Amino acid sequence: CERKGVIVMGKGKGSGRRNAPLRKPNQVGPEIPDDGTPIFTILVRSEKGAKLWYPCGAVQGDKRSKGLVEGMQSSWGKALYGSALDRGIAGTVYKDGSRFAENAVRMFPALRSSINNLQFGYRISAAGMETTKTKLITEEMGMPFLKWIQYKVSSQFDELTGKKAPEK
């Protein structure tokens, strides 16, 4: 009696897929457009432990982000426009933060134990420019201005009075 379509694996370490190298971040998401429109690769890592970034998604920029990225080619532009990009990407990631965290854990089970302590970052890729280094973003960066002011004032007050800092 012959059984077709059944694969029998012996005991051991399995196929070794768990030790396969990670995909490069620029392999995640859409192709880089030739017109210079940037692709923002979203990365995630555990707050504690290894400082290895895992690619968990990509966001394609628009005309405004293209202008900001082009403006960042100089050191003056980087200082002026970098924070605008940070706020925009942080707003996108943390607005739907649980979705990004769930996708990251699904793609990289090693992050499951750190799901409540994940850090996000991004890299910029665009035609005609080198991929940037990973830039760490925080939930605070994505807050609307008035909420950010309220958070900062509340944090300072609590620090002075010895109370616990507010939840973000």
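The following paragraphs examine the structure supplied in this document. (Residues numbered from 1 in each chain as written. Predicted model: local features only at pLDDT ≥ 70, side-chain atom pairs only at ≥ 80, totals over all residues. Heavy atoms only, no water.)

Right, let's get into the overall build of the chain. Scanning the chain from N- to C-terminus turns up four helices and four strands. Its helices and strands in sequence order give the chain the pattern β-β-α-α-α-β-β-α, from N to C terminus. Looking at the chain as a whole, 32% of its 168 residues are labelled buried. Long-range pairs, those at least 24 residues apart, make up 57% of the contacts in the chain with a sequence separation of at least 6. (Helix = DSSP H or I, 4+ residues; strand = E, 2+ residues; numbered from the N terminus. Buried < 20%, exposed > 50% of the residue type's maximum accessible area, 1.4 Å probe, protein only. Contact = heavy atoms within 4.5 Å.)

Further remarks concern the sheet that holds strand β3 (residues 118-125). Sheet strands pair by backbone hydrogen bonding; their relative direction is either parallel or antiparallel. If you walk across this open sheet you meet the four strands as β2-β1-β3-β4, and the pairing is antiparallel. Two strands close off the open sheet at either side, each with one partner strand: β2 (54-60) and β4 (135-137). Taken over all neighbouring pairs, the strand axes of this sheet differ in orientation by 30° on average, direction set aside. Here eight bridges tie strand β1 (residues 39-46) to β3, and the two strands are oriented antiparallel to one another. Within the sheet, the bridge partner assigned to F40 lies in β3 and is I124. Running over the sheet, helix α2 (residues 75-95) touches β1, β2, β3 and β4 and is turned about 125° from β3. (Pairing = 2+ DSSP bridges. Axes fitted to C-alpha atoms, helices over the stretch in contact; angles between N-to-C directions.)

Taking 1.5 Å per residue as the helical rise, α2 with its 21 residues ought to reach 30 Å, and the 29 Å between its terminal C-alpha atoms agrees with that figure. Taking the largest bend as the criterion, α2 deviates by roughly 40°, centred on Y81. When α2 is considered as a whole, its buried residues turn out to be G77, G82, A84, L85, D86, I89, A90 and V93. (Expected span 1.5 Å × (residues − 1). Bend = angle between axes of the 7 residues up to and from the residue.)

Bringing the side chain of T37 into the picture now. Tracing the backbone shows T37 in the segment before β1. Polar contacts involving the side chain of T37 include one to the side chain of D35, which spans 2.8 Å. Discounting residues that sit within four places of it in the chain, T37 has contacts with Q60, G61, D62, K66, S125 and A126. (Polar contact = N/O pair within 3.5 Å; in protein donor to acceptor, adjacent residues only side chain to side chain.)

Turning to the packing of aromatic side chains, a few remarks are in order. Counted by the stated rule, this structure contains four aromatic pairs. For the pair Y94 and F120, a centre-to-centre distance of 5.7 Å together with 90° between the ring planes defines the contact as edge-to-face. Remark: F120 occurs in strand β3 and Y94 occurs in helix α2; sequence separation between them is 26 residues. Between F100 and F120, the aromatic rings sit 6.3 Å apart at their centres with planes inclined by 75°, giving edge-to-face as the arrangement. Of this pair, F100 sits in helix α3 (residues 97-107) while F120 sits in strand β3, placing them 20 residues apart in sequence. For the pair F100 and F120, one class covers both residues: buried. (Phe/Tyr/Trp six-rings, centres within 6.5 Å; stacked < 30°, edge-to-face > 60°.)

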